[in-house]
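Structure assessment
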Amino acid sequence: MQAQMLAPAAVLVAWSLVMLFWMAFTRFPALTKVGIAVGNAPAGVRGQDSEAALPPQVNWKSHNYTHLMEQPTVFYAAVVIIAIMGPSAGDALAAWIYVGLRIVHSIWQATVNKVPVRFMLFLAGSLVLLFLAYRALSLTLFHDPGLAPA
């Protein structure tokens, strides 16, 4: 059951890399188009410093990639804790639901980016994450070593 619990996390890692490349393949040409040479950027300049010069649709991918580096870190921790402690089928299902919602959220934010829908996707994912955090907490705080498999 550990692999079934960790597989959604591995998929979200891979999806994060898809978003990284999607961001790069849209951002670098857009920077060149507005006369910003990535190779000649001043020391210490960050991607956010060029956002005002880029179209919103280009920035959306960058914003989503940043989001994938934020809340999902809690997901990764919860999934690993649950995998170590002994997941149930419901835990694995919840992890897959979270990943599916994050992928849909990414595609929505990177393409359409209407905030009410994006917020509902974020809220749904957050509720699933709340369940996973509860499961990680309950599996560790209420663990009875006498019940653990040998």
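Our subject is the structure listed above.
Residues numbered from 1 in each chain as written. Predicted model: local features only at pLDDT ≥ 70, side-chain atom pairs only at ≥ 80, totals over all residues. Heavy atoms only, no water.

The end-to-end C-alpha distance of helix α4 (residues 89-111) is 33 Å, a good match for the 33 Å that 23 residues give at a rise of 1.5 Å each. Three or more residues of α4 are buried, namely Asp 91, Ala 92, Ala 94, Ala 95, Tyr 98, Val 99, Leu 101, Arg 102, His 105, Ser 106, Gln 109 and Ala 110. On its buried face, α4 is in contact with α1 (2-33), α2 (56-68), α3 (72-85) and α5 (115-141). Once α4 finishes, Asn 113 follows within two positions and takes phi at roughly 60°, a positive value. (Helix = DSSP H or I, 4+ residues; strand = E, 2+ residues; numbered from the N terminus. Expected span 1.5 Å × (residues − 1). Buried < 20%, exposed > 50% of the residue type's maximum accessible area, 1.4 Å probe, protein only. Contact = heavy atoms within 4.5 Å.)

Here α3 is 14 residues long and its end C-alpha atoms lie 20 Å apart, about the 20 Å a rise of 1.5 Å per residue gives. Taken residue by residue, α3 has Pro 72, Phe 75, Ala 78, Val 79, Ile 82 and Ala 83 as its buried positions. Viewed end-on, α3 has its buried residues packed into an arc of 130°, placing them on one side of the element. With its phi angle positive at about 110°, Gly 86 sits one or two positions after the end of α3. (Arc of directions from axis to C-beta.)

Glancing now at the packing of aromatic side chains. Counted according to the given criterion, the structure contains 3 aromatic pairs. For the pair Phe 75 and Tyr 98, a centre-to-centre distance of 4.6 Å together with 20° between the ring planes defines the contact as stacked. Residue Phe 75 is located in helix α3, and its partner Tyr 98 is located in helix α4; the two are separated by 23 residues in the primary sequence. For the pair Phe 75 and Tyr 98, a shared accessibility class is recorded, and that class is buried. Each member of the aromatic cluster is reached from another via a ring pair, and the members are Phe 75, Tyr 76 and Tyr 98. (Phe/Tyr/Trp six-rings, centres within 6.5 Å; stacked < 30°, edge-to-face > 60°.)

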